[in-house]
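Structural overview
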Amino acid sequence: MNTQESALSAAQIEDYLQQHPDFFHEHLNLLEQLSVPHPSGVAISLISKQLELFRSRHQEMESQLTSLIDIARSNDISFIRMHKLTLALLEASTLEQAIANLDTVLADYFLTDFVAVRIIKQCPDPAIADLFIEPGSENLQPFLRELGRNQPKCGRPTLAQAKVLFGDSAVEVKSCAIVPMNFTELNGILAIGSREKSRFHYSMGNLFLTQMSEIIGTRLISLLRQTYHAC
């Protein structure tokens, strides 16, 4: 039998077995006689090979299921955190309460060490002056790149940025998320800092931070309208 005939014969056998998957049900003795090469060099029975394949597929499916469960749990945690954040902001009736609640919920549920909000607007009220940065102020210079791109930035802040945002605690901030808040009625900066270098890494995604800024910004706009319309 030449090579072409052997190849054709093998193809025919393969085609036949695919069309008759129950073939070995009626010829169980063949399963014990057939052997399949193993990487170790030892021939194993077809049944053993099938069991090996089934175990491999089972482990793969189990791994995929575990991964999906982990993703679902992560999504549940994110949902709970955002829910707590929303409730904390809604419970506040003044701008000062909103910032205080924001600081608490981010520390308790998001495990952050530092929080800063800076609204880019003039405000004559000295009690909340630290929350505002006047348009054109030198304090905005360190953030021109982030504000221009309108994209969250994660990583270690510059010392100039940390001083504007966190004041005397600037040197303690090892990583930070700086999130521009650019809305029709409010421009500002949301910053979340940590003492851990890896907490806010430059490779982090932006979707979660952007959604957070939208929730916070929307509530701040409402409170500014109600209480500090003159600012």
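Refer to the structure printed above.
Notes on the structure follow. (Residues numbered from 1 in each chain as written. Predicted model: local features only at pLDDT ≥ 70, side-chain atom pairs only at ≥ 80, totals over all residues. Heavy atoms only, no water.)

Some words on a nonpolar patch on the surface
Nonpolar side chains collect at one region of the surface, where Ile 13, Tyr 16 and Leu 17 lie side by side and expose about 270 Å² of accessible area between them. Structurally, Ile 13 is set in helix H1 (residues 3-19). (Patch = residues over 30% accessible without salt bridge, like charges linked within 9 Å, V, L, I, M, F, W, Y side chains within 5 Å. Areas by Shrake-Rupley, 256 points an atom, 1.4 Å probe, with all protein chains shown as cover. Salt bridge = Lys/Arg side-chain N within 4 Å of Asp/Glu carboxyl O. Helix = DSSP H or I, 4+ residues; strand = E, 2+ residues; numbered from the N terminus.)

Considering unusual backbone geometry
Apart from glycine, the bulk of residues carry a negative phi angle, and the bulk of peptide bonds sit in the trans form. Phi at Leu 111 is positive, roughly 55 degrees, even though this residue is not glycine. By the element assignment, Leu 111 lies in the loop between helix H4 (95-109) and strand E3 (114-120). Phi at Asn 150 is positive, roughly 55 degrees, even though this residue is not glycine. Checked against the element boundaries, Asn 150 lands in the loop between helix H5 (144-149) and strand E5 (153-155). According to the relative accessible area criterion, Asn 150 is partly exposed, its value standing at 37%. (Buried < 20%, exposed > 50% of the residue type's maximum accessible area, 1.4 Å probe, protein only.)

Re the environment of Lys 84
On the secondary structure map, Lys 84 appears in helix H3 (residues 46-91). Assessed through its relative accessible area of 31%, Lys 84 is described here as partly exposed. Placed 25 residues apart in sequence, Lys 84 and Tyr 109 show a C-alpha to C-alpha distance of 7.9 Å. Residue contacts for Lys 84: discarding those within four places in its chain leaves Val 105 and Tyr 109. (Contact = heavy atoms within 4.5 Å.)

Comments concerning H4
With 15 residues, H4 extends 21 Å from end C-alpha to end C-alpha; this agrees with the ideal 21 Å at 1.5 Å per step. When H4 is considered as a whole, its buried residues turn out to be Leu 95, Ala 98, Leu 102, Val 105 and Leu 106. Down the axis, H4 shows its buried residues gathered within 100 degrees of arc, on one side only. Where H4 terminates, the next one or two residues include Leu 111, which has phi positive at roughly 55 degrees. (Expected span 1.5 Å × (residues − 1). Arc of directions from axis to C-beta.)

Examining helix H6 (residues 159-166)
An α-helical turn contains 3.6 residues, so a residue and the one three or four places further along point in the same direction. Among all positions of H6, only Gln 161, Ala 162, Val 164, Leu 165 and Phe 166 are buried. Relative to the axis of H6, the buried residues are bounded by an arc of 165 degrees and lie together on one face. Along its buried surface, H6 packs onto E3, strand E4 (132-133), H5, E5, strand E6 (175-182) and strand E7 (187-194). Count one or two residues on from H6 and you reach Gly 167, which has phi positive near 60 degrees.

Concerning the nonpolar core
One recurring pattern in soluble globular proteins is that nonpolar side chains are buried together. If you look at the biggest cluster of nonpolar residues, it comprises 32 residues, and the most contacted ones within it are Leu 190 and Met 212. Elements supplying a minimum of two residues to this core: H3, H4, E3, E6, E7 and helix H7 (207-227). With seven residues, the top contributor of residues to this core is H7. Beyond its immediate sequence surroundings of up to four residues, Met 212 is in contact with Met 82, Leu 85, Leu 106, Phe 110, Leu 190 and Ile 192. Grouped together as the second largest cluster of nonpolar side chains are 17 residues, Val 173, Cys 176, Ile 189 and Ala 191 included. (Core = buried A, V, L, I, M, F, W, Y, C linked by side-chain atoms within 4.5 Å.)

Remarks on the pairing of E3
Buried residues dominate E3, accounting for six of its seven residues. Relative to E7, E3 runs antiparallel, the two being bridged by six bridges. Its bridge partner lying in E7, Phe 114 is registered against Gly 193. Strand direction decides the pairing type here: E3 and E4, joined by two bridges, are parallel. Looking at the pairing, Ile 120 lines up with Ile 133 of E4. (Pairing = 2+ DSSP bridges.)

Overview of the pattern of salt bridges
Enumeration over the complete set of coordinates arrives at four salt bridges. For Arg 195, the salt bridge goes to Asp 113, with nearest N and O atoms at 3.7 Å. Of this pair, Arg 195 sits in the loop between E7 and H7 while Asp 113 sits in the loop between H4 and E3; the two residues are 82 residues apart in sequence, bridging distant segments of the chain. Residue class for Arg 195 comes out partly exposed when judged on its relative accessible area of 46%. Across the pair Lys 153 and Glu 146 runs a salt bridge, and its minimum N-O distance is 3.4 Å. Owing to a relative accessible area of 6%, Glu 146 belongs among the buried residues under this scheme. Three or more residues joined by partner-sharing salt bridges are found here, namely Asp 113, Glu 172 and Arg 195.

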